[in-house]
Amino acid sequence: MAYDPAQDGAEMDFRKRMSYGDYLQIDQILTAQKPLSAAHDELLFIIQHQTSELWMKLALYELDAARAQLAADNSRAALKVLARIARIFEQLNSAWDVLRTMTPSEYTEFRDDLGQSSGFQSWQYRLIEYAVGNRNLAMLRPHEHRPDVMALLEAELARPSLYDEALRRLSRLGLAVPDAALTRDLRQPWQFDAEVMAVWAQVYRDPSRYWEAYEIAEKLVDFEDYFRRWRFNHLTTVERVIGFKRGTGGTAGTSYLKRMLEVELFPELWRVRTEL
Ligand code: HEM
């Protein structure tokens, strides 16, 4: 006789109960893949982007939580959330290995069907960049046709970034974060500040005395480290698949992505290492 899990109590009748698929809205998720071509690899391409967007959704949710905990002087809770965010990016990084199995020949079969659409227009990605401090206002423009998305991006730009919240916490811990850094125009990208680097140097020279700030610093570096790896994996995958062609979004392609590799989210934290 084949094993019947019902004998062990497995529920088999969902006519009047919420099932797995009901709770998770699985039907909605599994009917959201609509390839535009007959190319075999288009489904991979769609699912890779959709799953990335789901992880980005969680990353944004956790970035909000991390900032709220820092603002509430609850660094331990913030550190736990930041560890999770770094792991989300680790997950996104591993995902490139699946996409890399698509060759240029396979991608070419459906690339024209994408039109001008590109990850460049991912508003969740832009929200993440804004949330962590890379506030380039030029990136708002592809979203002008979507007032709901613009409202989200504008609301993010009006809030302190993750780095702003970290520096505010350092200031409340008694460290001499300059006023200009604490009262800066939040809509602007963060600019390197030698006085802020001096504060981090003080922390790194005496970790046991400034343990909380030291842990915050290392978690921020950890996050940026994973985020950089995501950018690098994207660039390498793109070069492997389209070489030096222009992007569907209209940029020069790999040279644009190489330029983005130079973005530093927390510049003082990287440069302070040379000083120690
Ligand atoms: C074969 C696969 C892929 C290719 C050839 C590709 C190509 C490109 C190119 C050329 C750009 C520059 C903008 C443009 O002109 O289009 C770009 C940007 C972008 N792509 Fe991809 N991409 C691929 C997969 C992905 C995946 C799976 C994601 C995950 C969501 C993604 C997310 C992004 C994001 C967020 C940007 C904006 C980056 C920034 O502005 O810094 N891409 N992509």
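How each quantity is defined
- Residues numbered from 1 in each chain as written.
- Predicted model: local features only at pLDDT ≥ 70, side-chain atom pairs only at ≥ 80, totals over all residues.
- Helix = DSSP H or I, 4+ residues; strand = E, 2+ residues; numbered from the N terminus.
- Buried ≥ 20, exposed ≤ 12 C-beta atoms within 10 Å, placed from the backbone.
- Contact = placed C-beta atoms within 7 Å.
- Near = placed C-beta within 6 Å.
- Nonpolar A, V, L, I, M, F, W, Y, C, P; charged D, E, K, R; others polar.
- UniProt positions renumbered as here; feature names shortened; annotations may be inferred.

### Describing the overall build of the protein
For the protein, the count of helices and strands is 13 helices and 0 strands. Judged by the C-alpha coordinates and their principal axes, the protein covers about 70 × 55 × 35 Å. Counting only residues that meet the buried cut, the protein has 21% of its 276 residues in that class. For the protein, long-range pairs separated by at least 24 residues make up 69% of all intrachain contacts whose partners lie at least 6 apart in sequence.

### What to know about the site of the ligand
Inspection of the region around the ligand gives 24 residues, with S118, G119, G247, G249 and T251 positioned closest. If you list the elements that add at least two residues to the shell around the ligand, you get α3 (42-71), α11 (211-242) and α12 (254-261). Ranked by the residues each element gives to the shell around the ligand, the list is headed by α11, at 5 residues. Class assignment for the residues of the shell around the ligand results in 10 nonpolar, 14 polar and no charged.

### Thoughts on the UniProt feature "binding site: substrate" (unreviewed entry) in the protein
The sites that carry the UniProt feature "binding site: substrate" (unreviewed entry) are, in the present numbering, F45, I46, I47, Q48, H49, Y107, R111 and T248. Along the chain, H49 turns up in helix α3. Residue H49 is classed as partly exposed on the basis of its C-beta count, with 14 C-beta atoms lying within 10 Å. Its location among the elements puts T248 in the loop between α11 and α12. By C-beta crowding, T248 is classed as partly exposed, having 19 other C-beta atoms within 10 Å. Other than its neighbours up to four places away in sequence, T248 contacts R111, L114, Q116, S117 and S118.

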